[in-house]
Structures are given as structure tokens and as C-alpha cells.
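Below, each chain spelled out in residue letters.
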Amino acid sequence: SKEVSERQIFHHPSWVRLSLHAPWGRLHAEDLAPVASRPILRGWISPTDRAYFTFRIASDAHRGRVVLLHSIPPRRVGGKILALQVDTGFNGDLSIPPVWIRLLSAVLLGTTSVTLANQRTISTPLYDAHVHVEGIHNTVFNVDLIPGSPLVGMRFMKRVAPLLTFQFPERRVRLWR
């Protein structure tokens, strides 16, 4: 049937998958159950249509300070919302402001070249950091971390879970595993 062939399109592992309205009905993340069984991380979509996951700097008994991605509503700390914007154009792991990198005591690996959205290439410090995702128990991910605007990139999301959904009417974004 037409619906089955459309579902098969969504099974390609390198695509960002969406919940879509189509002439024959609506496809939901739940329709993709064989690919992803449960949401491990819930985020929100802002009024300006930017998708975010919230985070905080936490302590881990074995690894020291880590970035903890969690599904609680956003909150302000010192006038700033602790949130990572989902950036499908960022092919790295994470980018966070330098002050939060210092809080992490992240290990400097060297420098790396980064191509910006305006196609300008810059050199930036590259750090090694640890990330724990709330919905994945007993797993800490080693990530490459660069200083900058708080962003979560596609390389990190692909390693963590096979499915990212945006549901604009409900204003939510979810990462499924």
C-alpha cells in the first residue's frame, strides 16, 4: 500500500525523520516502532520554531563533571536558559559557551577547523567531554565539544538514537531509541 511504501522511506538511518501530515493521513513517530521503541529525551519547540533540549552540568561518580541532557522544562539560571538548540546543519557533537566548558573541566584536545553557516572556516579549540542522556541508563558518551552557542549536532544525535521527531502542532521534539 502507499502508506507502507512511505513508511519504508523513513527507515533510512541517516535521515532526520519527521511526523508529517500527508493527503492519506498522518505519520507519527509511533508508526516507526520497529526503528525506535521509546522516547529517551523530550524537548520543546519555541515560538520561533527552534527546537531545544534542556541540560545541566552534573557530577558523575566515575567521570567527574558531565553534561546531563534531560527532559525537564526549561529554566533560567543567571538569566540564561540552560538549553541546547537542535541544529541539523551542525555536523559535530556539542557546542556550549566557554563558561560552561570551564565548569565541566573539559580536557583540551587541540584545535579544529569549523565551517560556519556563512561558509567561513575558523579554527576553534576542541575539548573532550562526557554526556549522559537521561533516558539511557548506565551509558556516558564521549563527545567532541567546541566553544560557541549552545548547540547539539547531528553526529551526537546519530550516535545516541536513530530517530529525531519534530511535532510542530504540539511544540515538541523527541529523540527515540
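See the structure above.
Predicted, not measured: the structure shown is a model, and the values here were computed from it. (Residues numbered from 1 in each chain as written. Predicted model: local features only at pLDDT ≥ 70, side-chain atom pairs only at ≥ 80, totals over all residues. Heavy atoms only, no water.)

1. Quick look at the overall build of the protein chain
The number of helices and strands found in the protein chain is three helices and 15 strands. For the protein chain, the proportion of its 177 residues judged to be buried stands at 41%. Considering only contacts within the protein chain whose residues lie at least 6 apart along the sequence, 57% involve residues at least 24 apart. As displayed, the protein chain offers around 9800 Å² of accessible surface, 53% of which is attributable to carbon and sulfur atoms. (Helix = DSSP H or I, 4+ residues; strand = E, 2+ residues; numbered from the N terminus. Buried < 20%, exposed > 50% of the residue type's maximum accessible area, 1.4 Å probe, protein only. Contact = heavy atoms within 4.5 Å. Areas by Shrake-Rupley, 256 points an atom, 1.4 Å probe, with all protein chains shown as cover.)

2. Describing the packing of aromatic side chains
Tallied over the entire structure, the rule returns four aromatic pairs. A ring pair is formed by Phe-141 and Phe-156, whose centres lie 6.0 Å apart and whose planes are at 80°; its orientation type is edge-to-face. Taken together, the residues span a long stretch of sequence, with Phe-141 in strand S12 (residues 140-147) and Phe-156 in helix H3 (residues 154-160) at a distance of 15 residues. The two residues Phe-141 and Phe-156 agree in class, both being buried. (Phe/Tyr/Trp six-rings, centres within 6.5 Å; stacked < 30°, edge-to-face > 60°.)

3. Considerations on unusual backbone geometry
Phi at Ser-105 is positive, roughly 55°, even though this residue is not glycine. Position of Ser-105 among the secondary structure elements: in the loop between helix H2 (98-104) and strand S10 (107-115). Of note in this structure, Gln-119 is not a glycine but carries a positive phi near 70°. With respect to the secondary-structure elements, Gln-119 resides in the loop between S10 and strand S11 (121-133).

4. Structural notes on the environment of Arg-42
Inspection of the secondary structure assignment puts Arg-42 in strand S3 (residues 39-45). According to the relative accessible area criterion, Arg-42 is partly exposed, its value standing at 40%. Once the C-alpha coordinates of Arg-42 and Ser-71 are considered, the two residues, 29 residues apart in sequence, prove to be 4.9 Å apart. Not counting residues within four places of it along the chain, the set of residues in contact with Arg-42 comprises Phe-53, His-70, Ser-71, Val-173 and Arg-174.

5. Comments concerning the environment of Thr-115
Along the chain, Thr-115 falls in strand S10. Along the backbone, Thr-115 and Asn-91 are 24 residues apart, and their C-alpha atoms lie at a distance of 9.9 Å. Those residues in contact with Thr-115, other than ones at most four positions away along the chain, are Arg-120 and Thr-121.

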